[in-house]
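Structural overview for review
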Amino acid sequence: MGLLQEFKTFALKGNVVDMAVGVIIGGAFGKIVTSLVNDIIMPPIGVLMGGVDFKDLGIVIKEGVAATETTPEVAEVVWKYGAFIQQVVDFLIIAVSVFVMIKLINKLSNLRKKEEEVVAPEPAPAPEPEPTKEEILLTEIRDLLKNNK
């Protein structure tokens, strides 16, 4: 029963829920960026390069062999550097987007801190407490002893 309670406490912490939301939104954002790269950015670049589709760019390392009655089909081995280039562009767009978001969040956080500083001035220091009756009597006794010497 203790393990179940411990898991429940962990799962319901605010940080875990925030992280889960971030992962879900990040996954959706990744799909949007992939579509942006594959469907919007790469086609015009391919046209500028002479009508090349980046997905098809590659170097054949080993030719494929069609199936015959006696041998099975052997798939072609291709080094697909075009697909790699698309993934690099995906990564760069996501990295720049995350960088911009972090910069924006930090800027907003700094603005909020500055507003809090302006709105809430520092409280005045507490006045020094008045001496107690005992302290006053002890001070008088000390002064009398000094004068009698």
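An account of the accompanying structure is given in this report. Everything numeric here is computed off the predicted structure, so don't read it as measured data.

**Here we look at the side chain of Q86**
You can see Q86 is positioned in helix α3 (residues 81-119). Those residues within four positions of Q86 in sequence are excluded, and the remaining contacts are V37, N38, M42, F54 and K55.

**Focus: the environment of G82**
By the secondary structure assignment, G82 is in helix α3. G82 sits in the buried class, given a relative accessible area of 0%. In this structure, the C-alpha to C-alpha distance between G82 and L57, residues 25 residues apart in sequence, is 4.6 Å.

**Comments concerning the pattern of salt bridges**
Counting across every chain of the model gives one salt bridge. A salt bridge links R142 to D143; its shortest N-O distance comes to 3.3 Å.

**What to know about the environment of P43**
Looking at where P43 falls in the secondary structure, it is placed in helix α2 (residues 14-48). Sequence separation of P43 and I25 is 18 residues, and the distance between their C-alpha atoms is 26 Å. Once residues lying within four places of it in the same chain are set aside, the contact partners of P43 are V37 and N38.

**Describing a nonpolar patch on the surface**
Together, I59, I61, V77, W79, Y81, F84, I85, V88, F91 and L92 give the surface a local cluster of nonpolar side chains, amounting to about 980 Å² of exposed area. For the nonpolar patch, the secondary-structure elements that each account for two or more residues are β1 (59-62), β2 (77-79) and α3. Residue contributions to the nonpolar patch peak at six residues, all from α3. Tracing the backbone through its elements, the reader meets I61 in strand β1. You can call I61 exposed: its relative accessible area is 61%.

Parameters at a glance
Residues numbered from 1 in each chain as written. Predicted model: local features only at pLDDT ≥ 70, side-chain atom pairs only at ≥ 80, totals over all residues. Heavy atoms only, no water. Helix = DSSP H or I, 4+ residues; strand = E, 2+ residues; numbered from the N terminus. Contact = heavy atoms within 4.5 Å. Buried < 20%, exposed > 50% of the residue type's maximum accessible area, 1.4 Å probe, protein only. Salt bridge = Lys/Arg side-chain N within 4 Å of Asp/Glu carboxyl O. Patch = residues over 30% accessible without salt bridge, like charges linked within 9 Å, V, L, I, M, F, W, Y side chains within 5 Å. Areas by Shrake-Rupley, 256 points an atom, 1.4 Å probe, with all protein chains shown as cover.

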